[in-house]
Each structure stands twice: as structure tokens, then as C-alpha cells.
Amino acid sequence: MLDQSLIKAAKQAASNSYSPYSQFKVGACVVTDDGNHYSGTNVENASLGLTICAERSAICQAISQGSRGLQTVVVYTPTKTPTAPCGACRQFIREFSKGVDTRIFSVCDSDDVLDTTINHLLPHAFSDF
């Protein structure tokens, strides 16, 4: 079952989004092996290739604080249907997952939830496993 506090943290992070180009606010919250939670939001840039997604922002927060081994990733978008992580985020999540069973929950402004694993979203990732 998805912890509601993780959804709340992802929604809070989305409220801090810097998205003047897309107007698409995204928030994420990750849980690491040590049980710590880290959140992040999308930060856009006029040079779109320099934009960072919420998922990668949250993971960078975790890495910066010394945490590794993702257990859970929660992504919030203010949409009617859940939005799965992009390809770059899928690879990033896989890089910092201890295995292929890291849970990914995509939530939105309806009751719909996408509940999957990183292996399902990215079965043939670049990996050192």
C-alpha cells in the first residue's frame, strides 16, 4: 500500500516547480534503503536539454545526503491520469536501484495510480548488474 505521506511530499515538491516553458509541474518523493525520504521537483531551462525532471531532482537530493539504494519512487502530476517517468528518469532510477524491483507509483489528481516496477518500465537498462 502506498504511504499517503509520500504522495503529500511529492505534491508539495510539485508546488515548488520551476516550469515557465511547459507549465507542467511535477513532484517526486523517493524512499531509500535506509528509510529516508527525499523530494524533488522539475526545474526547466531555456536550453531544454538542461532541464531536470522531478525524479532525478529527488534522487540527487538522496545521493547528496549519502543515501543509496532506491526502494520506492512516487511521482505526482496535476493530471487526470498518471504520468510515468520519462526514459532518462527510468535509466536514472535503475542506476540507483539495488535491484530490479524498485516500486514506481505515479499519482495524479484522480484516484488512478500507476503501480509498477523499474524492471517493467525499463527491462533492458544499461546496468552493471
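One can find the structure itself at the top, above this paragraph.
Residues numbered from 1 in each chain as written. Predicted model: local features only at pLDDT ≥ 70, side-chain atom pairs only at ≥ 80, totals over all residues. Heavy atoms only, no water.

Scanning the chain from N- to C-terminus turns up four helices and five strands. Overall, the chain shows an N-to-C arrangement of helices and strands of α-β-β-α-β-α-β-β-α. The C-alpha radius of gyration of the chain comes to 13 Å, within 12% of the 14 Å expected for a compact globule of 129 residues. Summarising its shape, the C-alpha atoms of the chain cover approximately 40 × 35 × 30 Å along the three principal directions. The buried share of the chain, reckoned over its 129 residues, is 41%. Across the chain, contacts joining residues at least 24 apart in sequence account for 61% of those joining residues at least 6 apart. Of the roughly 7000 Å² of accessible surface on the chain, 52% is carried by carbon and sulfur atoms. (Helix = DSSP H or I, 4+ residues; strand = E, 2+ residues; numbered from the N terminus. Rg over C-alpha atoms; globule rule 2.2 N^0.38 Å. Buried < 20%, exposed > 50% of the residue type's maximum accessible area, 1.4 Å probe, protein only. Contact = heavy atoms within 4.5 Å. Areas by Shrake-Rupley, 256 points an atom, 1.4 Å probe, with all protein chains shown as cover.)

Where helix α2 (residues 54-64) contacts helix α3 (residues 87-95), the axes come no closer than 9 Å and their chain directions differ by 25 degrees. Regarding the angle of α2 to α3, the classification is roughly parallel. Crossing geometry of α2 relative to α3 is assigned as left-handed. Here E55, R56, I59 and C60 of α2 lie close against α3, whose contacting residues are A88, C89, F92 and I93. Across the contact of α2 with α3, the residue classes break down as six nonpolar, no polar and two charged. (Axes fitted to C-alpha atoms, helices over the stretch in contact; angles between N-to-C directions. Parallel < 35°, antiparallel > 145°, perpendicular 65-115°, else oblique. Left-handed = near helix turned anticlockwise from the far one by under 90°. Nonpolar A, V, L, I, M, F, W, Y, C, P; charged D, E, K, R; others polar.)

Attention shifts here to the nonpolar core. Ranked by internal contacts, the top residues of the largest apolar core, which has 16 residues, are V30, I59, L70, V73, I93 and I104. Of all elements in the fold, only β1 (27-32), α2, β3 (70-76) and α4 (118-121) reach the threshold of two or more residues within this core. With four residues, the top contributor of residues to this core is α2. Excluding residues within four positions of it along the chain, V73 makes contact with C29, V30, E55, I93, T102, R103, I104 and F105. (Core = buried A, V, L, I, M, F, W, Y, C linked by side-chain atoms within 4.5 Å.)

Let us now look at the pattern of salt bridges. Close approach of charged atoms lets side chains of opposite charge pair. Counted by the stated rule, this structure contains one salt bridge. A salt bridge links D115 to R103, with the nearest nitrogen and oxygen atoms 2.6 Å apart. Remark: R103 occurs in strand β4 (residues 103-107) and D115 occurs in strand β5 (residues 113-117); sequence separation between them is twelve residues. (Salt bridge = Lys/Arg side-chain N within 4 Å of Asp/Glu carboxyl O.)

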